[in-house]
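Structural features, examined
If you want the building blocks of each chain, they are given just below.
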Amino acid sequence: MKGKTVHIGLLVLTCILFIMPKLVDAEDTEIYRYYFKEGTFYKHTASSLHEYFQLNRGEQGKRIANIDWKELNNLTLAWRAEKEEVKQEAKHTKIKQGSQQKEQQAAPPTQKPATKDKVEKPKEKPTEKQTEEKTDQTTKISQREFEQEVIRLTNIERERAGLAPLQLDNQLSEVARRKSVDMATENYFSHESPTYGSPFDMIESFGITYYSAGENIAKGQTSPQEVVQAWMDSEGHRQNILHPDFTHIGVGFTQEGYHWTQQFIKKLDQSVNESTYEQQVVDLTNQEREKHGLAPLSVDTKLGEVARAKSKDMAEKDYFDHTSPTYGSPFDMMNQYGVSYQIAGENIARGQFTPEEVVEAWMNSEGHRENILNPDFTHIGVGFVKEAILWTQQFIKKK
């Protein structure tokens, strides 16, 4: 008997671009307070600026800092000579739809009457030339310190929102670092890299497995505080920073053009014990049966092997379905493993990080719940593959 299909909603991708206003020239050396409005920077005395904010309540203009105008002007002219125009930009991607976002899913259960293929890491493309690797050690340290500070400030924002901090993923930081260097050396500013493709293609090409992912990029900000504030001032970037599902972060910064990349992923802690999680699913399943006055299910070792093989097969063959290209239907598979039964059933799921989460998902689906609470079933087997976050639950009534 089939259960009802669970419909999963998709998030809409958005993208926002910030352009830094062109700076006006100045001829004196006095120190002014300044603000921007309608694309232009304006100078004001302290009193007139105070009056401006009293009238406008800060909604149309924003006081930035005190500044030596002559020094700023010199920096601006030098920048224009190199780049023709000063720009400060920021973009973001949210979690990608489709195959790149592996949503939580619970496939329709069946009653009788899957990690992806490993992506080969591309040949090493150095982020810097050999001569560049001999850069002054102080510069290298400052770059790493900037990256660490971005992570620290990001987690402060998450803490303010009541969210768990993101864990540093060194491998993801290497990907983010290469993305920033790639944007600088290839002279582009986009999530799509001419070298690596989309952020999701790039992350996967370096062998990183994830359930969902996102990316923020920025250019022109000269400090961690400035770039994090720019991202937080943008709704789309802020959503990535404050996304409750993300668990890990990588940050890459290069001083060439001041390019920043912030990458996020949701992944499972690989230190978890698969057998422990499988037993917890059995325990939680029996707790649900007890609530409904049903006898607990006994663990069948052979059936557990079948369930584990099914989850592994879905991961290796990159599919999510009750019918396996390797074994056929769940019932054919049980027969091949020598499991005898009168009736049998199967639940599968993908993307749930804990036993509690996956059992809750099954219990919230009518068809899956019918398998869990079937009074005729006597035995259970559970299989979990943490690399792909795939779960299989099989039930039988023995002959």
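The following refers to the structure shown. It should be emphasised that the depicted structure is a prediction, and the values quoted were computed from it without experimental measurement. (Residues numbered from 1 in each chain as written. Predicted model: local features only at pLDDT ≥ 70, side-chain atom pairs only at ≥ 80, totals over all residues. Heavy atoms only, no water.)

Points about the pairing of strand β13 (residues 379-385)
Burial analysis of β13 places seven of its seven residues in the buried class, the great majority of the element. Note that β13 and strand β14 (residues 390-397) share seven bridges and pair antiparallel. Paired with I380 across the strands is F395, a residue of β14. Taking the residues that link successive antiparallel strands as the turn, the β13-β14 hairpin has four residues, and the phi of I389 there is positive, at about 55 degrees. (Buried < 20%, exposed > 50% of the residue type's maximum accessible area, 1.4 Å probe, protein only. Helix = DSSP H or I, 4+ residues; strand = E, 2+ residues; numbered from the N terminus. Pairing = 2+ DSSP bridges.)

Some details on the packing of aromatic side chains
Under the defined criterion, the tally for this structure stands at 12 aromatic pairs. Judged by centre distance (6.3 Å) and plane angle (70 degrees), the ring pair of Y211 and F353 falls under edge-to-face. Of this pair, Y211 sits in the loop between α5 (199-205) and β8 (212-219) while F353 sits in the loop between β12 (343-350) and α11 (355-363); the two residues are 142 residues apart in sequence, bridging distant segments of the chain. Since its relative accessible area comes to 7%, Y211 is described here as buried. An aromatic cluster of three or more residues is present, and its members are F146, F253, Y258 and W260. (Phe/Tyr/Trp six-rings, centres within 6.5 Å; stacked < 30°, edge-to-face > 60°.)

Structural notes on unusual backbone geometry
Note: most residues except glycine have negative phi, and most peptide bonds are trans. For Y258, which is not glycine, the phi dihedral falls at a positive 50 degrees. Assignment of secondary structure puts Y258 in the loop between β9 (248-254) and β10 (259-266). Positive phi, close to 55 degrees, is recorded for D318, a residue that is not glycine. Here D318 shows up in the loop between α9 (301-317) and α10 (330-336).

Section: α11
Looking only at α11, the buried set comprises P355, V358, V359, W362 and M363. One face of α11 carries all of its buried residues, which in axial projection span an arc of 135 degrees. (Arc of directions from axis to C-beta.)

Some details on the packing of helix α8 (residues 274-291) against α11
Following both chains from N to C, one finds α8 and α11 inclined at 40 degrees, their axes separated by 9 Å at the closest point. With respect to each other, α8 and α11 are oriented oblique. The chirality of how α8 crosses α11 is right-handed. Residue-level inspection shows Y277, Q280, V281, L284, T285 and E288 of α8 in contact with α11, the latter providing P355, E356, V358, V359, W362 and M363. Within the contact of α8 with α11, the residues separate by chemical class into eight nonpolar, two polar and two charged. (Axes fitted to C-alpha atoms, helices over the stretch in contact; angles between N-to-C directions. Parallel < 35°, antiparallel > 145°, perpendicular 65-115°, else oblique. Left-handed = near helix turned anticlockwise from the far one by under 90°. Contact = heavy atoms within 4.5 Å. Nonpolar A, V, L, I, M, F, W, Y, C, P; charged D, E, K, R; others polar.)

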